[in-house]
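Working through the structure, step by step
What follows is the residue order along each chain.
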Amino acid sequence: METETVRTRPDVGRGGGRAARLTRRQGVGSLVAEAAGSPLRRTMGVGQLTLLSVGATLGTGIFVVLGQAVPEAGPAIVVSFVLAGVTALFSALSYAELAGMIPGSGSSYSYAYATLGELVAWVCGWCLILEYGVSVAAVAVGWGQYVNELLDLTVGVTLPDTLSAPPGAGGVLNIPAAAIVVLAMVVLLRGAKESAVANTVMVGVKIAALVMFCAVAFTAFRAGNFTPLFPLGTAGMSAGAASLFFSYIGFDAASTAGEEAKNPQRDLPRAIILSLVLVTALYVLVAVAALGAMPWKRFEGTEATLSEVLVQSVGGGSLWPILLSVGAVVATTSVVLTVQYGQIRILFAMSRDGLVPPLFSKVHPTTGVPRANTVIVSTFIAVLAALVPLGALADATSIGTLFAFMLVNLAVVLLRRRSPEAARSFRVPFSPVTPILGVGFCVYMLFSLGPDTWAAFGAWMAVGLVIYWLYGIKHSKLGDRGDTLGSGDKLGSGDNLGDKEVA
């Protein structure tokens, strides 16, 4: 039997009708108290949280999307990785501060709720559904590509396009992509601790695979492959960075585990920063090795890109490509598992607040897992992975992520102004300059995306606003009254629960 976890929270003040409800905010203290009483089990330390973020980040972005981004930028793709990494770093610092203050499962959705109001929080949550749910589908598509590559290298056969590619890409259904989502669902249903152990093993395998790729690819390194560095100009470099931002999606996954962390105020900021530094270093190293081993024009049309680099440039038989493909399959499995986990926890938080149906916040008493939520989300993602091509999924994910990151940076600025004395286990250096730069970088990257991506994003947001207007605004747990914070107010005494710093 499942138990419902929805809790009410004390509210102060009065709303002025439906329009006033759009700006009502949750107090930081009530968010912290809610997280403290969560039925989710606290089983993760800083190591597991860091590996959760690495597991959610390090995967399809480097193993597959690299092949789509290099033709946009040429050798400047190395600079594109750095630009995307700097953009992610500004947001990571903001995530670290807010995760230490508000250690719940809602990630940037909860941060927006505490600072920007319910409507913006809903928009942020809807962007996170796009970021997490769609990125899982994109990674699953990449997983299927490497499975085909591995089958070709080992037994000389591949799955037919009708069964391994979506409509519009020469197929009918991408069955491998759907299958890995279902497999991840089975693991997630066992519990957070078991999922973290599985992720730890897989992260070790994929880091080893990338280090092996670099060691082998550098044996065929040619410095001339980087001349000219900007064959497509700085616009190409920017376009490549916007596409590659998909590769950094997931470093914030630790922030969705706030209610399953043993010491969230201390460990969440550390995990977020450590994971991003590790991932960025690996990305730049792999990009340099790949471009040095194979001229950039030959990346056009590649799918299992890193394996293709070894096949075309290094030689020495199929041993290295086989090992790399095994690593890529494990890597993308890890990403599917961890990002799917994050999506489920964000919907859990939104459901507890009443913005989506209560079914999503019911926790199984034996496993401590939101079981119905897990099954529903996984089924939706599996269908998406089976039917939509990788390129469209990756770009849609990037725009949703950039929008959410922009809101997180704004939230830091607002909370510093409204509650300057609140204790924080991590503080963004040089605030408000750093978070404002984070907003600027996100806006720059957003406008580097194409009009088709913006059109799809606009349609997605329109659907989200209709759902909020028809359901969320009526069922919000804040009811007809505002929360402890009104527009322009300082944090009140009811918010002091969020001000305790953990040593």
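Residues numbered from 1 in each chain as written. Predicted model: local features only at pLDDT ≥ 70, side-chain atom pairs only at ≥ 80, totals over all residues. Heavy atoms only, no water.

**Thoughts on the overall build of the protein**
In terms of regular secondary structure, the protein is built from 19 helices and two strands. With 503 residues in all, the protein has 59% of them scored as buried. For the protein, the accessible surface area stands at approximately 17600 Å², while carbon and sulfur atoms represent 67% of it. (Helix = DSSP H or I, 4+ residues; strand = E, 2+ residues; numbered from the N terminus. Buried < 20%, exposed > 50% of the residue type's maximum accessible area, 1.4 Å probe, protein only. Areas by Shrake-Rupley, 256 points an atom, 1.4 Å probe, with all protein chains shown as cover.)

**As for the layout of surface pockets**
In this model, the second largest pocket occupies a volume close to 310 Å³. What lines the second largest pocket is a set of 16 residues, among which W126, I129, L347, V356 and F360 lie closest to the centre. Of all the elements in the fold, those that place two or more residues in the lining of the second largest pocket are α8 (118-155), α15 (319-352), α16 (371-387) and α19 (451-475). Tallying contributions element by element places α8 first for the lining of the second largest pocket, with four residues. Among the residues making up the lining of the second largest pocket, the classes are represented as 14 nonpolar, two polar and no charged. (1 Å grid on protein atoms, 1.4 Å probe; cavity = no way out; pocket = protein on both sides within 12 Å on 5 of 7 lines; lining within 4 Å. Points joined across faces, edges and corners; volume = space filled by probe spheres on them. Nonpolar A, V, L, I, M, F, W, Y, C, P; charged D, E, K, R; others polar.)

**Examining unusual backbone geometry**
The omega torsion of the bond from T227 to P228 falls at -10°, within 30 degrees of zero and hence cis. Of note, the amide linkage connecting S431 to P432 takes the cis form, showing an omega dihedral of 10°. Looking at the element boundaries, P432 is found in the loop between α17 (390-418) and α18 (433-446). Non-glycine residue F430 carries a positive phi angle of around 60°.

**Examining the environment of I102**
Along the chain, I102 turns up in the loop between α6 (77-101) and α7 (108-115). Sequence-wise, I102 and G29 are 73 residues apart; in three dimensions their C-alpha atoms are separated by 8.4 Å. Apart from residues lying up to four places away in sequence, I102 is in contact with V28, L31, V32, S110, Y111 and A114. (Contact = heavy atoms within 4.5 Å.)

**Some thoughts on the environment of E194**
Its place among the elements puts E194 in helix α11 (residues 192-217). Under the relative-accessibility criterion, E194 is labelled partly exposed at 39%. Note: C-alpha distance between E194 and T43 (151 residues apart in sequence) is 9.8 Å.

**Quick word on the nonpolar core**
Counting residues in hydrophobic clusters, the biggest one holds 152 residues, and the most contacted among them are I62, F63, I77, F213 and L306. Top element by residues in this core is α8. It accounts for 20 residues. (Core = buried A, V, L, I, M, F, W, Y, C linked by side-chain atoms within 4.5 Å.)

**Things to note about the environment of L323**
By the element assignment, L323 lies in helix α15. Taking the relative accessible area as the measure of exposure, L323 reaches 38% and is therefore partly exposed. L323 sits 110 residues away from F213 along the chain, and the two C-alpha atoms are 9.1 Å apart.

**Side note on the confidence of the model for the protein**
Per-residue confidence for the protein gives a mean pLDDT of 80; residues scoring 70 or more make up 87%. In the model of the protein, strand β1 (residues 3-4) stands out as the element of lowest mean pLDDT, 40, in contrast to helix α10 (residues 175-188), which has the highest, 90. Under a pLDDT of 50 for its full length, residues 1-16 has, in the predicted model, 49 contacts with residues more than four places off or in other chains. Taken as a whole, residues 480-503 scores under 50 in pLDDT and shows 68 contacts with residues more than four places along the chain or in a different chain. (pLDDT = per-residue confidence, 0-100.)

**Regarding helix α3 (residues 46-57)**
For an α-helix, the turn length of 3.6 residues means that residues three or four places apart are oriented alike. Between its first and last C-alpha, α3 extends 17 Å over 12 residues, near the 16 Å set by a 1.5 Å rise per residue. Where α3 is buried, its residues meet α11, α13 (264-293) and α15. (Expected span 1.5 Å × (residues − 1).)

**As for the packing of α6 against α18**
Contact pair α6 / α18: the axes reach a minimum separation of 9 Å and the direction vectors enclose 135°. With respect to α18, the element α6 is oriented oblique. Along this stretch, α6 crosses α18, giving a crossing that reads as left-handed. Contact residues: L83, A84, V86, T87, F90, S91, L93 and S94 in α6; T434, P435, L437, G438, F441, C442, Y444 and M445 in α18. Taken together, the residues of the contact of α6 with α18 break down into 11 nonpolar, five polar and no charged. (Axes fitted to C-alpha atoms, helices over the stretch in contact; angles between N-to-C directions. Parallel < 35°, antiparallel > 145°, perpendicular 65-115°, else oblique. Left-handed = near helix turned anticlockwise from the far one by under 90°.)

**Quick look at the packing of α10 against α15**
Relative placement of two packed helices is described by the angle separating their axes and the distance separating the axes. Where α10 meets α15, the axes come as close as 9 Å, and the angle between the chain directions of the two elements is 60°. In this structure, α10 crosses over α15, and the sense of that crossing is right-handed. Taken together, the residues of α15 that come into contact with α10 (itself represented by I180, V181, A184, M185, V187 and L188) are T333, V336, L337, Q340, Y341 and I344. For the contact of α10 with α15, the per-class residue count stands at 10 nonpolar, two polar and no charged.

**Overview of the packing of aromatic side chains**
If you walk through the whole model with that rule in mind, you get 14 aromatic pairs. Each ring, one from F403 and one from F457, has its centre 5.7 Å from the other, and the planes form 50°; the classification is tilted. Residue F403 is located in helix α17, and its partner F457 is located in helix α19; the two are separated by 54 residues in the primary sequence. Since its relative accessible area comes to 8%, F457 is described here as buried. Members of the aromatic cluster, joined through ring pairs, are W122, W126, W460 and Y468. (Phe/Tyr/Trp six-rings, centres within 6.5 Å; stacked < 30°, edge-to-face > 60°.)

**Thoughts on a nonpolar patch on the surface**
On the surface, a nonpolar cluster with roughly 490 Å² of combined accessible area is contributed by L163, V172, L173, I175, V383 and L387. Since its relative accessible area comes to 44%, V383 is described here as partly exposed. (Patch = residues over 30% accessible without salt bridge, like charges linked within 9 Å, V, L, I, M, F, W, Y side chains within 5 Å. Salt bridge = Lys/Arg side-chain N within 4 Å of Asp/Glu carboxyl O.)

**Here's the deal with the pattern of salt bridges**
Throughout the structure, instances matching the rule amount to three salt bridges. Here E97 ties to R424 by a salt bridge, and the two come within 2.9 Å at their closest N and O atoms. With E97 in helix α6 and R424 in the loop between α17 and α18, this pair connects stretches of sequence that are 327 residues apart. In this structure, E97 and R424 share a single accessibility class: buried. In the salt-bridge network here, residues are joined through shared partners; they are E97, R416 and R424.

**Focus: the side chain of S378**
Mapping S378 onto the fold places it in helix α16. Apart from the residues lying within four places of it in its own chain, the contact partners of S378 are V181, M185 and Q340.

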